[in-house]
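# Observations on chain architecture
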Amino acid sequence: MKYFLTLFCLFSALSTFAQQTISGYIKDSTTEELLPGATVFIKDSQNGTVTNKYGFYSLTFTKENPILIIQYIGYKPIIQEIERKTQTKDFYLEIQGGEIEGVVIDVGKEDIIETPQMSKIQVEIEDIKNTPALLGEKDVLKTLQLMPGVQSGSEGQSGFYVRGGGPDQNLIILDEAPVYNASHLFGFFSLFNGDALKSVDLIKGGFPARYGGRLSSVVDMTAKDGSRDHLTGSAKVGILSTSGVLEGPISKKKKNNSFMLSGRRTYADIFTRILSKSQSDGQESAGYYFYDFIAKGNYDINENNRVYLSGYFGRDNIGYKFKDNEDNEKVKFGWGNATGTARWNHVFSPKLFSNASIIFSHYDFGIEFKEDYNDKKYQLKYTSGIEDIGFKYDLDFFPNSNHAVRAGLQTTRHHFKPKARAELDSSLGVDSKETETYISLENAVYAEDDWAISNRFKANLGLRLSHYIEDEVNYARLEPRISLAYKANETTSVKASYSEMNQYIHLLSNTGASLPTDLWVPSTDVVKPQFSRQFAAGFAKTLKDEAYQVTLEGYHKTMENIIGYKEGSSLVNFNTIEDGGSSSNDWQKTITPGNGTSYGAELLIKKIEGKLHGWTGYTWSKTEHQFDELNHGQPFSPKFDRRNDLSIVGFYDIADNKTLMATFVYGTGQAISLQRAQYKKIKHNPFFKNQRDPYTSTTIDFGTKNSSRMEAYHRLDVSYRFEKEKRKGRKAWEFGVYNIYNRGNPFFYYVDEDKDKYVLKNASLFHLLPSISWSYQFK
Amino acid sequence: MKRIYFLFSILFFLACTSCERKVDIPFPNDKPKLVIHSFISPDQDSIQVTISQSNPFINQTPGKTDYINNAEVYINDIPLKKAEENGLYFAKNTDIKVQAGKTYQLKANADGFKSISASTTVPTETPTKIEKSTIRDTTGSSKEFDLTLFDEHPNQYQYSAIYGIAEYTRVFQTGEERTSRFSLYFPQQLFEDGNFIENKLALRGIRLNVYQSLLYKDKKIHIKYLNTDEGYYRYHKTIEDSESENPLSEPIINYSNIENGLGIFASYTALSKTFQIP
């Protein structure tokens, strides 16, 4: 590492010759929240830069006393002349318009014309808060599903599919910590409370070398740092949950620190417990709830050193109790994530910024059953999960105005626990414990350069070396990453990218829904790492003085060694658990490797100004899988192969304090294996007459795998928000209707008998569902 | 533990707003098809082909399937005769000789159906040694034994299957003798090369209901070990998998090698063994 730093410093010293560098942070003027993605440009030149994830910028120039323009969407730009000798300077941007000071932070968008990065969507936190949502629960991941190239799974699910990849191929990170099961309530709600977040970036392709470990997407979320100026916060009460955010300085004296706390809890269990007790004469009690909690603190040691500590903790719990004179029974069923990140930002020089992180992530799922029956005891505890501990070190180096280099290393120790089981049975004298664990190490080093080759031509060139060890298995792969952009004129740029990705850990889930029973498992000598190659090309254009942004991209992705489930196998098998497990529960025998291909075109039109704003996203795509052991080796459409996917999201500001919001989504029906025909099934047996086994029966012809389609999915959601200024803040009421035209979208199909005939029936969830919520934003 | 299923059902607690309705998914190309079942072998004295038809599943009576008695069936362009039995067509081994290593083409047509075709190459005989363990007592009146199969041509990729019966002859006081046969159930019936470890595969715990009475004589075990083509293996494997299907699992896609139709046209060579039961 020393040599690495020395080289950087040497390069830095050489390149400073005849050039001047200014660096510092871009912050919100009131809360001093650091603003990632803000642009810093020298007036009348192509020389500029963008703040990194920590709000840090570094700009090298040769001009005498240049005039800097600092811009950030939603904030008033700063235009300021800089004396040539200035080396460090922080800029404080003021929120534009009628927002409450220090409350709303609009993270805005990157300049889509200048950056070579393509296939990236910066989701505005305001858009997450404004988008109508199921039961009024604003949801980050469901807002992402409204973007082109991102598809939802079944009705109401927060799991998502990016460019033909499965939900297991998305790297979801919160303050650099991976989150392994990002949903509550069996996938109907995501973990993340939008009120606590500062930025959400989704990358679908053209992955910078700093990201790795999953094939299909990166969702990079950063929690708010918290206001350094004064104590503030918000509270929200909805049908399903109550949530709140509190932020402010830890110590007001130096304005060099802050904290942010965010929490949410549902309360359906309060009613279900009362209901179940009343219906069972007090013998039974059942309830379900989930909660999540984000905490973050930061402290500036001095102007060159800053430390952060952040954590997430969330859990779903289902409980059931039964008690009578003979029997006392308790069942607990719970799952949850915990993450923690400790970070240290250090500025070596105006041109060299570093971040060191220690990262922890834990996910577990467990069932506990206890029964006392006539003095006999039975206890069963089953858990599974994954726990990571990792270290990450990143350097941002700005040698001159044409290069922004990032390099770093990462190491993560994965501790997989697919199965841990303990059983106690006093009547049979059983007291057994069984644990299956795997430990693996995933490492990576990377380097990338944002290179302004000319005023019009920019590139991001990167290389990542990933390495993985599990027991005696050792994999090392080089992953080239290239993104190119050519600026045809001030409003148009053409882009292309190529990236290779490897995924060393796998999610076993054959239900299609995000169930807590899904298992993360390692690559082994039998289960190889997944690999993808993606090529994308497109253009970005702004129209009407940047009031509209249009991007059109095409992509082609191939995937190797992706995971499939052998026909007839299932991971959800409680009998197996109860019976002590069996070889059928050996996950390596349940899965089978295969390949996939996906290609498509994505159009995103955003209107970012005016009373009516929002976006339209349309995707045409085709995804095909081929597994030697599935569908008799023939290619087939995976469930989420969706030819057409359309999202229209609109926000209409009726007045300063009244907003009407609507979302319309349409998607081609899910690919499914449906009963197409019935016929006699004759088994051969050489000992029987005519070689026929006499026990013939009728069998079902499903055609080829997933050769049928469910009905198309579509719905319209609307909501209306009314805000009122109060002495100490602003209160808001929001009324929403999910699925306003009461469409019975398919959740699953099943066969029933009706008048001695088979009929196909559709079960749908979430018909017209109204919601109401009240929130209060403190000043 | 059943409570867990109850708790799992909380997944659908929001389903209080859900509803069900009948759906009609059009399958415009799904017309009834000819369904073929035929397993040919040099071991058999005739070729038999059973022909039935598929019927739509949705909006149909459960189990509705029909034999086809008006088909024209050819193997290597030689027509097969119609048997009296429903849907059965045959040719004697003297008319069409089935030989190991040769390929046979099946064609059939019937009014109202697309013509179908299929082919199979009869596997060459791969000598396999079969060893039987001694028969031992288990619970109740049952006994059991083991079989060990030795693949004597390990470099030749092969598919195989095993069938067996136990045969007893009962002698009545009148002097009348009546032979009864019972199927044997093996822990594994279908094999591919990967199942053989060091060219050996052990089938343990094959159950046998042995009648110890003096009234039974000439007790035997008959084993047929078949070298099959790939189609035979895949077809029966999907049947086997579908019989143990978990309701939460992906549906089993039936194997078929019949072009424009359904079912199977497969072949095998057989090795027969008989063991006396003491």
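What comes next concerns the included structure. Not measured: the values here are computed from a predicted model. (Residues numbered from 1 in each chain as written. Chains lettered and ligands numbered in written order. Predicted model: local features only at pLDDT ≥ 70, side-chain atom pairs only at ≥ 80, totals over all residues. Heavy atoms only, no water.)

## Some details on the overall build of chain B
What counts is decided by this rule: Every helix listed is a DSSP run of H or I at least four residues long, and every strand listed is a run of E at least two residues long, numbered separately from the N terminus. Note on contacts: a residue pair is in contact if any heavy atoms of the two residues lie within 4.5 Å. Here the Shrake-Rupley method, with its probe set to 1.4 Å, supplies the accessible areas, and only the displayed protein chains count as covering residues.
Across its full length, chain B holds two helices and 20 strands. Taking the intrachain contacts of chain B between residues at least 6 apart in sequence as the baseline, contacts between residues at least 24 apart amount to 65%. Working note: accessible area of chain B is about 14,200 Å², and carbon and sulfur atoms make up 47% of it.

## Some remarks on the sheet that holds strand β40 (residues 697–701) of chain A
Sheets are built from strands that pair by backbone hydrogen bonding, the pairs being arranged parallel or antiparallel. Our working rule: Think of it this way: DSSP has to see at least two bridges between two strands before they count as a pair.
Within the open sheet, the three strands sit side by side as β40(A)-β39(A)-β4(B). Their pairing is antiparallel. Taken across any chain shown, the strands that pair with only one partner, and hence form the sheet edges, are β40 of chain A together with β4 (55–56) of chain B. As defined by bridge partners, strand β39 (residues 677–681) of chain A adjoins β4 of chain B across two bridges and the pair is classed as antiparallel. In the sheet register, Gln-678 of chain A faces β4 of chain B, and the bridge partner there is Asn-55 of chain B.

## Re a nonpolar patch on the surface
All names here are of chain A. So the rule is basically this: Like-charged residues within 9 Å of one another, or nonpolar side chains (Val, Leu, Ile, Met, Phe, Trp, Tyr) within 5 Å, are grouped into patches, provided each residue has over 30% relative accessible area and no salt bridge. Salt bridges are identified by distance alone: a Lys or Arg side-chain nitrogen within 4 Å of an Asp or Glu carboxyl oxygen. Type-normalised accessible area, obtained with a 1.4 Å probe on protein chains alone, sets the label of each residue: buried when under 20%, exposed when over 50%, and partly exposed for intermediate values.
On the surface, Leu-231, Leu-246, Leu-261, Phe-293 and Phe-313 cluster together into a nonpolar patch covering about 430 Å² of accessible area. Position of Phe-293 relative to the elements: it lies in strand β20 (residues 284–302). Overall, the relative accessible area of 41% leaves Phe-293 in the partly exposed class.

## With respect to the environment of Gly-564 of chain A
Residue and element names in this part refer to chain A. Turning to its location among the elements, Gly-564 is positioned in strand β33 (residues 548–565). Assessed through its relative accessible area of 6%, Gly-564 is described here as buried. Spatially, the C-alpha atoms of Gly-564 and Gln-626 are 9.7 Å apart, while their sequence positions differ by 62 residues. Excluding its chain neighbours within four sequence positions, the residues that come into contact with Gly-564 are Thr-590, Ile-591, Thr-592, Phe-627 and Leu-630.

## Concerning the sheet that holds strand β7 (residues 91–93) of chain A
Residue and element names in this part refer to chain A. To be explicit about the condition: Note on method: axes are straight lines fitted to C-alpha atoms, helices fitted across the in-contact stretch only, with angles between N-to-C directions ranging 0 to 180 degrees.
Strand order across the open sheet formed by three strands is β4-β1-β7, with mixed pairing between neighbours. Either end of the sheet is taken by a strand with one partner, and the two such strands are β4 (56–61) and β7. Ignoring strand direction, the axes of neighbouring strands in this sheet form an average angle of 30°. Summarising the sheet, strand β1 (residues 20–28) and β7 pair through three bridges and their orientation is parallel. Looking at β7, one finds that Lys-27 is bridged to Tyr-92.

## Structural notes on the nonpolar core
Spelled out, the test is: In these notes, a set of buried Ala, Val, Leu, Ile, Met, Phe, Trp, Tyr and Cys residues joined through side-chain atoms within 4.5 Å is what counts as a nonpolar core.
The biggest cluster of nonpolar side chains holds 71 residues, and the ones touching the most others in it are Ile-172, Phe-192, Val-200 and Met-221 of chain A. Not counting residues up to four positions away in its chain, the partners in contact with Val-200 of chain A are Ile-121, Gln-122, Val-123, Ile-125, Ile-128, Val-140, Leu-144, Val-219, Asp-220 and Met-221 of chain A. Formed by 25 residues, the second largest nonpolar core is a distinct cluster that contains Ile-47, Val-73, Ile-75 and Tyr-104 of chain B.

## Observations regarding a negative patch on the surface
Note the threshold: Here the positive residues are Lys and Arg and the negative ones are Asp and Glu; neither His nor the chain ends is included. For this purpose, a charge sits on NZ of Lys, CZ of Arg, CG of Asp or CD of Glu.
A cluster of acidic side chains, namely Asp-111, Asp-545, Glu-546 and Glu-609 of chain A, defines a negative patch on the protein surface. Following the sequence through the fold, Asp-545 of chain A ends up in the loop between β32 (530–543) and β33.

## Focus: the side chain of Gln-48 of chain B
All names here are of chain B. Inclusion rule: For this analysis, a polar contact is any N or O atom pair within 3.5 Å, provided that within protein one partner can donate a hydrogen and the other can accept it, and provided that sequence-adjacent residues contribute only side-chain to side-chain pairs.
Here Gln-48 is to be found in strand β3 (residues 46–53). A relative accessible area of 13% means that Gln-48 is categorised as buried. Among the polar contacts made by the side chain of Gln-48, one reaches the side chain of Ser-46 at a distance of 2.8 Å.

## Side note on unusual backbone geometry
Positive phi values are uncommon outside glycine, yet Asp-175 of chain A reaches one of about 45°. You can see Asp-175 of chain A is positioned in the loop between β11 (170–174) and β12 (177–178). Looking at Asp-175 of chain A, the relative accessible area reads 3%, which means it is buried. The phi dihedral of Asn-260 of chain B is positive, around 70°, even though this residue is not glycine. Take Asn-260 of chain B: it is sitting in the loop between α2 (230–243) and β20 (262–276).

## Examining empty space enclosed by the protein
All names here are of chain A. Spelled out, the test is: A 1.4 Å probe that fits into a set of points on a 1 Å grid over the protein atoms alone but cannot get out defines a cavity; an open set with protein on both sides within 12 Å along at least five of seven lines defines a pocket, and lining residues are those with an atom within 4 Å of a point. Grid points are joined across faces, edges and corners, and a volume is the space filled by probe spheres set on the points. In this classification, the charged set is Asp, Glu, Lys and Arg, the nonpolar set is Ala, Val, Leu, Ile, Met, Phe, Trp, Tyr, Cys and Pro, and all remaining amino acids, among them Gly, are polar.
This model, assessed by the stated rule, comprises 15 cavities of 30 Å³ or more. The computed volume of the largest cavity comes to approximately 860 Å³. What lines the largest cavity is a set of 48 residues, among which Tyr-161, Gly-166, Pro-167, Asp-168 and Ser-509 lie closest to the centre. Mapped by element, the contributors of at least two residues to the lining of the largest cavity are β10 (160–162), β11, β33 and β35 (612–627). The greatest single-element share of the lining of the largest cavity, amounting to five residues, is contributed by β33. A per-class count over the lining of the largest cavity returns 23 nonpolar, 19 polar and six charged. Computed from the structure, the second largest cavity encloses a volume of approximately 460 Å³. Lining the second largest cavity are 37 residues, and of these Gln-145, Ser-152, Val-665, Tyr-713 and Arg-715 sit closest to its centre. Looking at the lining of the second largest cavity, the elements that each hand over two or more residues are α3 (140–144), β9 (150–152), β36 (644–655), β37 (658–667) and β42 (713–725). Residue composition of the lining of the second largest cavity, grouped by class: 12 nonpolar, 15 polar and 10 charged.

## Re the pattern of salt bridges
Residues and elements named next belong to chain A. Counting across every chain of the model gives 45 salt bridges over all chains. Residues Glu-500 and Arg-533 are paired through a salt bridge, measuring 3.6 Å at the closest nitrogen-oxygen approach. Placement of Glu-500 in strand β29 (residues 492–503) and of Arg-533 in strand β32 is noted, with a sequence separation of 33 residues between them. By relative accessible area, Glu-500 is classed as buried at 12%. For Arg-533, a relative accessible area of 34% corresponds to the partly exposed category. Each of Glu-33, Asp-175, Glu-176, Lys-198, Asp-225, Lys-296, Arg-343, Lys-392 and Asp-394 takes part in one network of salt bridges that share partners.

## A short note on the environment of Gly-136 of chain A
Residues and elements named next belong to chain A. In this structure, Gly-136 sits in the loop between α2 (125–130) and α3. With 104 residues separating them along the chain, Gly-136 and Glu-32 place their C-alpha atoms 30 Å apart. Not counting residues up to four positions away in its chain, the partners in contact with Gly-136 are Lys-236 and Ser-771.

## Observations regarding the packing of aromatic side chains
Stated formally: The rule is short: rings of Phe, Tyr and Trp, with Trp giving its six-membered ring, pair when the centres are within 6.5 Å, and they are stacked under 30 degrees, edge-to-face over 60, tilted in between. Look at NZ for Lys and CZ for Arg. If either is within 6 Å of the ring centre and within 35 degrees of the ring normal, a charge sits over the ring.
A full pass over the atoms with the stated rule returns 33 aromatic pairs over all chains. An aromatic cluster is defined as three or more aromatic residues linked by ring pairs; in this entry it consists of Tyr-25, Tyr-54, Phe-56, Tyr-308, Phe-353 and Phe-398 of chain A. Above the plane of the ring of Phe-91 of chain A lies Lys-89 of chain A, whose end atom (NZ or CZ) is 5.5 Å from the centre. Here the basic side chain of Lys-680 of chain A rests over the ring of Tyr-67 of chain B, its NZ or CZ set 4.6 Å away from the ring centre.

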